[in-house]
Amino acid sequence: MNKELSRKFTIISFISMVLVVILHANNLVINLSSGNIIVPKGYNSFIQDFFTQGIARIAVPIFFIISGYLYFLNSKGTYSEFKSKISKRIKSILIPYLVWSCWGLVFYMILQSLPMAENFFTNGLIKDMAIEEILKILFFNPLPYQLWFLRDLMILVTISPILFFAIKYLKELAILLAFIPWISSYFYGFINTDSLLFFMLGGYLAIFDKLVNLEGGKYACWLFSLWILLVITNSILLFQGISIHNTWMSIFNKITLLIGVVAIWFIYDQLHGNAHIKAFNPIFSFSFFLYAFHEPVLTMVKKGLFFVLGNIQIISFSVYILAPLLTIFLSLSVGFLVKKHIPRIYKIATG
């Protein structure tokens, strides 16, 4: 893979990671043990839906496309190759998954020991749970819920030989077979349809070398404008009370998402020479740490700010801005300190 494409992956991954934090910053409903805080509709709900249910949704597909591309890049389909790849992913995916799942348990146990934080927890105290329940949380349903991405990624890596030959011999048909369940909101039961489709799409782009010479810069502005227009339309429909789970609304949302992924890929080519982007290159290397660390910190920051400031609309809007900013700053600061002072731990935790 050439340096420019590698750099593009790095920058887009970091931007996508910031979008994930924004995605999780939504606070229109805050769950507390004393009852839920529900913020009434208004300018605040419209803005939050615009970013959370629109702009930020492109992040997950981008991560799976990049993961699939890097995994299947230069693959020949041999047994020894897949054995090596899966072995490496145990170190870079499975071990970090378990490390951060443990961190989530410890973090919650510490907070649950503080009387002032008691109202923040809705699923009971960890100290009162049976060992079987704790093990289930640790391995399958981590408290840092964003780890579902690593869980699905490990499943995809495990079945990667099947996916490789399906893509290699069925080509576009393999992508179509994954696309149909995704667009129809079907759930396989063991893995998300989003995960499978976009990981396979990344693999398709790698196996058939479709990405390096992919041209579309001249359409970037048009695609980007169309994407923003569709996101605004989506936000208006949500404001009018149409459920995100409505069948046609779901399809509209997914078409918007696809256009957004393509738009971001091409708009980058119009902006990548910007000196301000180059100046922040060191920060981009902390994408994984930001991903793993930001929850449950973000949730606690949101609930803490609501607890201190109240829950009127202007407060909700302020928390929507402040909570992700504080969380990103804290995550990057902790990541920098851990990498500098205990690099061995940082290396294990980030794979």
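Please refer to the structure placed before this passage.
Residues numbered from 1 in each chain as written. Predicted model: local features only at pLDDT ≥ 70, side-chain atom pairs only at ≥ 80, totals over all residues. Heavy atoms only, no water.

Per the secondary structure count, the chain includes 16 helices and two strands. Taking 351 residues into account, the globule formula puts the C-alpha radius of gyration at 20 Å, and the chain, at 21 Å, falls close to it. Expressed as lengths along the three principal axes of its C-alpha atoms, the size of the chain is roughly 60 × 45 × 45 Å. A fraction of 80% describes how many contacts in the chain between residues 6 or more apart in sequence connect residues 24 or more apart. Accessible area of the chain: about 18000 Å², with a carbon and sulfur share of 70%. Averaging the coordinates of the 26 positive side-chain charges in the chain and doing the same for the 14 negative ones gives two points 8 Å apart. (Helix = DSSP H or I, 4+ residues; strand = E, 2+ residues; numbered from the N terminus. Rg over C-alpha atoms; globule rule 2.2 N^0.38 Å. Contact = heavy atoms within 4.5 Å. Areas by Shrake-Rupley, 256 points an atom, 1.4 Å probe, with all protein chains shown as cover. Lys, Arg positive; Asp, Glu negative; His and termini not counted. Charge placed at Lys NZ, Arg CZ, Asp CG, Glu CD.)

We now examine helix H4 (residues 79–112). Across its 34 residues, H4 extends 47 Å between first and last C-alpha, which sits within 8% of the 50 Å expected from 1.5 Å per residue. Residue Ile90 marks the point of greatest curvature in H4, where the axis turns by about 40°. (Expected span 1.5 Å × (residues − 1). Bend = angle between axes of the 7 residues up to and from the residue.)

This paragraph deals with the packing of helix H2 (residues 43–52) against helix H10 (residues 220–239). The N-to-C vectors of H2 and H10 enclose an angle of 135°; their axes lie 9 Å apart at closest approach. Considering their axes alone, H2 and H10 lie oblique with respect to each other. The chirality of how H2 crosses H10 is right-handed. The segment H2 lies against H10, with Ser45, Phe46, Asp49 and Phe50 engaging Ile228, Val231, Ile232, Ser235, Ile236, Leu238 and Phe239. Classifying every residue of the contact of H2 with H10 by side-chain character gives eight nonpolar, two polar and one charged. (Axes fitted to C-alpha atoms, helices over the stretch in contact; angles between N-to-C directions. Parallel < 35°, antiparallel > 145°, perpendicular 65-115°, else oblique. Left-handed = near helix turned anticlockwise from the far one by under 90°. Nonpolar A, V, L, I, M, F, W, Y, C, P; charged D, E, K, R; others polar.)

Another point: the pattern of salt bridges. Tallied over the full model, the rule gives two salt bridges. We note a salt bridge from Lys8 to Asp269, for which the minimum N-O separation is 2.9 Å. One end of the pair, Lys8, is in helix H1 (residues 3–24); the other, Asp269, is in helix H11 (residues 247–271), and 261 residues separate them in sequence. Between Arg151 and Asp152 there is a salt bridge; the shortest N-O distance is 3.7 Å. (Salt bridge = Lys/Arg side-chain N within 4 Å of Asp/Glu carboxyl O.)

As for its position among the elements, Phe179 is in helix H8 (residues 172–183). Distance in space between the C-alpha atoms of Phe179 and Thr193 is 8.1 Å, their sequence separation being 14 residues. The residues touching Phe179, leaving out its near neighbours within four places in the chain, are Leu197 and Leu258.

Enumeration over the complete set of coordinates arrives at 31 aromatic pairs. Plain terms: the ring middles of Phe9 and Tyr69 are 5.5 Å apart, the flat faces sit at 75° to each other, and that makes the pair edge-to-face. Here Phe9 is found in helix H1, whereas its partner Tyr69 is found in helix H3 (residues 59–72), with 60 residues between them in sequence. The class for Phe9 is buried, based on a relative accessible area of 6%. For Tyr69, a relative accessible area of 1% translates into the label buried. Through pairs of rings, three or more aromatic residues link up here, namely Tyr71, Phe72, Phe82, Phe164, Phe165, Tyr169 and Phe199. The ring of Trp265 has Lys8 sitting right over it, with the charged end atom 3.6 Å from the ring centre. Against the face of Phe239 rests Lys41, its NZ or CZ located 6.0 Å from the ring centre. (Phe/Tyr/Trp six-rings, centres within 6.5 Å; stacked < 30°, edge-to-face > 60°. Buried < 20%, exposed > 50% of the residue type's maximum accessible area, 1.4 Å probe, protein only. Lys NZ or Arg CZ within 6 Å of the ring centre and 35° of its normal.)

It is worth spelling out the packing of helix H14 (residues 287–309) against helix H15 (residues 313–341) at this point. It is at 8 Å that the axes of H14 and H15 come closest, and there the two elements cross at 140°. Compared by their axis directions, H14 and H15 come out oblique. With respect to the hand of their crossing, H14 and H15 are arranged in right-handed fashion. Among the residues forming the contact of H14 with H15, the class breakdown is 18 nonpolar, five polar and one charged.

With that settled, the discussion passes to a nonpolar patch on the surface. A cluster of nonpolar side chains, Ile90, Leu94, Ile95, Val99 and Ile348, forms an exposed patch at the surface whose accessible area comes to about 340 Å². Within the secondary structure layout, Val99 lies in helix H4. Among the residues examined, Val99 registers a relative accessible area of 30% and is labelled partly exposed. (Patch = residues over 30% accessible without salt bridge, like charges linked within 9 Å, V, L, I, M, F, W, Y side chains within 5 Å.)

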